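Topology and contacts: notes
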Amino acid sequence: MPLALFALAVGAFGIGTTEFVMMGLLPDVADDLHISIPTAGHLVSAYALGVVIGAPLLAAVTSRMSRRTVLIGLMALFVLGNALSALAPGYDSLLAARFLSGLPHGAFFGVGAVVATNLVAPERKARSVSLMFLGLTVANIAGVPVATLMGQHLGWRATFLGVSAIGLAAIASLLLLIPHDHTHAPAGGLRGELAALRSLPVWLALGTTVAGFGALFSAYSYVTPMLTDAAGYADSSVTLLLALFGVGATIGNLVGGRLADHSLRGTLFGGLVSLAAVLSLFPLLMSAEWSAAMAVTLLGMAAFVTGSPLQLMVMEKASAAPSLASSANQAAFNLANAGGAWIGGLALAAGFGVTSPAVAGAGLAVLGLAVAGVAYVVDRRREVVRVGRVVATHVPEQSGALHP
């Protein structure tokens, strides 16, 4: 694998750190800015909104630019957003800065995935995407815990300055390691990219992302009360257990990338089935400390096995618009984040118990499997039609040759 993938992973590490660290800093931010924790929670939503809006928008407006230039520009915007977060004088300015920080997130992963696949042979495409995503999963093991501790001891503003420094390191890596000859923009421009998104298979792939990762976030958003109220862990143990989720996600991401290079759709189906099974077993696994720790690790593994296959599938279905489609998949991921948390919250509010969000997530995983199944049927039918047209085109020539 080329060293250039390391540059993409560094950027992904910074993005993953800033995305998830705010959840651990909410009490500190709320105290410092004299706001309630629910109000501080809007800072998480502002970042996610920036991702959803920025992913397709920035990918579209930069469609004629060199992808290397786009990646560097997106990371510069990321550094600016985090620096402004550190310097924000009040809540409103911090809210705007968090929105700005989220804008380059999806486009960086989207364009980065296209660059990654162009750097390797066709049989290694999924593995190249998984190595870029490795930065995101490792952020959950090391980046987020370290950044949270930094915020608790040095102040939350120091955390965002630290993340800005990671962004500067990513820019340096991109300048040094991303080659110019693999980053030319597609000739079709914005109009060609938008036209390619009209395909039903593209939207089915995006729908699979929303449902599949919605299953993850339905449970993960409420995993802390599951661990403390159901499994009996102390609050101080939760950070370590969430690091186990990162370990599982890293393993699943690497395994998924390797398996997807052999069978893209088979890996996707297997990952969704595994995710549904793990989430269905959560009420049982959360009954003891040892099994709860195993459940959190398995959740990360099962969910992130599907990460690379979904990203690659969206890109293949929109081959004329890989950057825009790949970025749209990141927007779908964040819609899954918000939608999954909402559905899990509905299960809790209905009084079904502290582990009910995981059961709701299992239902979403089954829904994702159903959408993936529909996509498979659509692809098979289109292939049959395509083969039929090819045969029909060549039959007259063969008939003419046999019967002059």
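Residues numbered from 1 in each chain as written. Predicted model: local features only at pLDDT ≥ 70, side-chain atom pairs only at ≥ 80, totals over all residues. Heavy atoms only, no water.

Description of helix α10 (residues 223-230)
As a reminder, the rule being used: Accessible area is worked out with a 1.4 Å probe on protein chains only. A residue is then buried under 20% of its type maximum, exposed over 50%, and partly exposed in between. Secondary structure elements are taken from DSSP: a helix is a run of H or I of four residues or more, a strand is a run of E of two residues or more, and numbering for both begins at the N terminus.
All of the buried residues in α10 are Val223, Met226, Leu227 and Thr228. Of the residues trailing α10, Gly232 is marked for its positive phi of about 90°.

Some thoughts on the layout of surface pockets
The test is simple: Residues are said to line a cavity or pocket when one of their atoms sits within 4 Å of a point; the points come from a 1 Å grid over protein atoms alone, cavities being sets where a 1.4 Å probe fits but cannot get out and pockets being open sets with protein on both sides within 12 Å along at least five of seven lines. Grid points are joined across faces, edges and corners, and a volume is the space filled by probe spheres set on the points.
Of the voids in this model, the largest pocket is the one considered here, and its volume is about 1000 Å³. Around the largest pocket, the lining is made up of 37 residues, and of these Phe20, Met23, Gly24, Tyr220 and Leu242 lie nearest the centre. At the level of elements, α1 (4-33), α2 (37-40), α3 (42-61), α6 (125-154), α9 (200-220), α10, α11 (238-260) and α16 (322-349) are the ones that each hand at least two residues to the lining of the largest pocket.

A closer look at empty space enclosed by the protein
Any empty space left between atoms is shown by rolling a water-sized probe over those atoms. Going by this rule: For this classification, Asp, Glu, Lys and Arg are treated as charged, while Ala, Val, Leu, Ile, Met, Phe, Trp, Tyr, Cys and Pro are nonpolar and the rest, including Gly, are polar.
For the structure shown, the criterion picks out three cavities of 30 Å³ or more. Forming the walls of the largest cavity are Phe133, Leu136, Thr209, Phe213, Asn253, Phe304, Gly307, Leu310, Gln311, Asn329, Gln330 and Phe333. When the residues that make up the lining of the largest cavity are grouped by side-chain class, the tally is six nonpolar, six polar and no charged.

Brief notes about the packing of aromatic side chains
For the record, the criterion: Working definition: a ring pair exists when centres of Phe, Tyr or Trp rings (six-membered ring for Trp) sit within 6.5 Å. Plane angles under 30 degrees give stacked, over 60 give edge-to-face, the rest tilted.
The full count for this structure, using the stated rule, is nine aromatic pairs. Judged by centre distance (4.3 Å) and plane angle (25°), the rings of Tyr220 and Phe245 are stacked. Placement of the pair is Tyr220 in helix α9 and Phe245 in helix α11, with a sequence separation of 25 residues. With respect to class, Tyr220 is no different from Phe245; both count as buried. Members of the aromatic cluster, each reached through a chain of ring pairs, are Phe213, Phe217, Tyr220, Phe245, Phe304 and Phe333.

Regarding the confidence of the model for the protein
Interpretation of this model should avoid reading the predicted coordinates in detail wherever pLDDT is low. What counts is decided by this rule: The quantity called pLDDT is the predictor's confidence in a given residue, expressed from 0 to 100. By the convention used here, residues are in contact when the closest approach between their heavy atoms is within 4.5 Å.
Residue-level pLDDT values for the protein average 85, and 90% of them are 70 or greater. Per-residue pLDDT stays below 50 along residues 398-404; that stretch engages in zero contacts with residues further than four places along the chain or on separate chains.

Side note on the side chain of Thr228
Put simply, the test is: Polar contact is the term for a pair of N or O atoms within 3.5 Å; when the atoms are in protein, one must be able to donate a hydrogen and the other to accept it, and sequence-neighboring residues count only if both atoms are side-chain atoms.
With respect to the helices, strands and loops of the structure, Thr228 is situated in helix α10. Owing to a relative accessible area of 18%, Thr228 belongs among the buried residues under this scheme. Here the side chain of Thr228 touches Pro225 through a polar contact of 3.4 Å, landing on its backbone oxygen. For Thr228, the side chain forms a polar contact with the side chain of Asp229, separated by 3.3 Å.

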